[in-house]
Amino acid sequence: VHDIGWTFGQAGHQKKSAELVLSCGDLQVTVREQGIIALIAGLHGGSDRFRPTGFWHLLSPDDQKRVRILAALLRVADGLDYLHAASVTDLHCLIGETEVQCVLSCTGDITTEKARAIKKSTLFADVFKKSLVIP
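Residues numbered from 1 in each chain as written. Predicted model: local features only at pLDDT ≥ 70, side-chain atom pairs only at ≥ 80, totals over all residues. Heavy atoms only, no water.

Colleague: Looking at this model, I keep getting lost on the environment of Trp 56. Mind explaining?
Modeller: As for its placement among the helices and strands, Trp 56 is situated in the loop between α2 (31-42) and α3 (61-80). For Trp 56, a relative accessible area of 8% corresponds to the buried category. In the structure, Trp 56 is positioned eleven residues away from Val 67 in sequence and 8.7 Å away in space, judged by C-alpha atoms. (Helix = DSSP H or I, 4+ residues; strand = E, 2+ residues; numbered from the N terminus. Buried < 20%, exposed > 50% of the residue type's maximum accessible area, 1.4 Å probe, protein only.)

Okay, here's the thing in structure tokens:
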């Protein structure tokens, strides 16, 4: 659901996605879970700054940590699907002392997707205290 805001255009779609998740009365989740999903959708952009607002401040420290982890992973995944061509078909991560190396299987040239994932990995590095490497 992180990209449902695209129906209103690319600019600001993360914020619109969060608003749509929050306003949906049909989701089969608790209010807390709905708020968490909305936060993650709203934070999946590549901004270097993590700017939590609103519902974030009502979450427990454990839920705040959960949101940061999931938003960090979603940002990288979103980068790997930047062209929406489903070119990345699989990945394996090798977790080292100072970095996480992500080895990808793909169906074609994924130079753009790799670059975009690395560009969006700032939160990943902050959350996991390891840099992301995609050879």
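Now, onward.
Colleague: How do you make sense of the confidence of the model for the protein when you look at a structure like this?
Modeller: Interpreting fine coordinate detail is not advised for predicted regions of low pLDDT. The predicted model of the protein has a mean per-residue pLDDT of 84, with 79% of residues at 70 or higher. Within the protein, the element-level pLDDT minimum falls on helix α1 (residues 13-23), averaging 68, and the maximum on strand β3 (residues 131-133), averaging 97. (pLDDT = per-residue confidence, 0-100.)

Colleague: Looking at this structure, I do not really get the environment of Arg 66. What am I missing?
Modeller: With respect to the helices and strands, the residue Arg 66 is situated in helix α3. What makes Arg 66 partly exposed here is its relative accessible area of 39%. With 26 residues separating them in the primary sequence, Arg 66 and Ile 40 have C-alpha atoms 9.5 Å apart.

Colleague: Please explain the environment of Lys 129 as it appears in this structure.
Modeller: Summarising the element assignment, Lys 129 is placed in the loop between α5 (122-128) and β3. On the basis of relative accessibility, which here comes to 62%, the residue Lys 129 falls in the exposed class. C-alpha of Lys 129 to C-alpha of Glu 99: the two residues are 30 residues apart in sequence and 8.2 Å apart in space.

Colleague: Just checking my understanding: could you explain the packing of α3 against helix α4 (residues 111-119) for this structure?
Modeller: Between two packed helices, what matters for the description is the angle formed by their axes and the separation of those axes. Relative to each other, α3 and α4 sit at 160°, their axes nearing to 7 Å. Relative to α4, the element α3 is oriented roughly antiparallel. Remark: the crossing between α3 and α4 carries right-handed chirality. Across from Val 76, Gly 79 and Leu 80 in α3, the residues of α4 making contact are Glu 113, Arg 116 and Ala 117. A breakdown of the residues in the contact of α3 with α4 according to their chemical character gives three nonpolar, one polar and two charged. (Axes fitted to C-alpha atoms, helices over the stretch in contact; angles between N-to-C directions. Parallel < 35°, antiparallel > 145°, perpendicular 65-115°, else oblique. Left-handed = near helix turned anticlockwise from the far one by under 90°. Contact = heavy atoms within 4.5 Å. Nonpolar A, V, L, I, M, F, W, Y, C, P; charged D, E, K, R; others polar.)

Colleague: How should the nonpolar core be read in this particular structure?
Modeller: The tendency in soluble globular proteins is for nonpolar side chains to be buried as a group. Core analysis: the biggest nonpolar cluster contains 21 residues, and Val 67, Leu 132 and Ile 134 have the highest contact counts within it. At the level of elements, α2, α3, β2 (99-106) and α5 are the ones that each hand at least two residues to this core. Take this core: its biggest share by element is six residues, from α3. Sequence-distant contacts of Leu 132, defined by excluding residues within four places in its chain, comprise Val 76, Val 100, Cys 102, Ala 117, Ile 118, Ser 121 and Phe 124. (Core = buried A, V, L, I, M, F, W, Y, C linked by side-chain atoms within 4.5 Å.)

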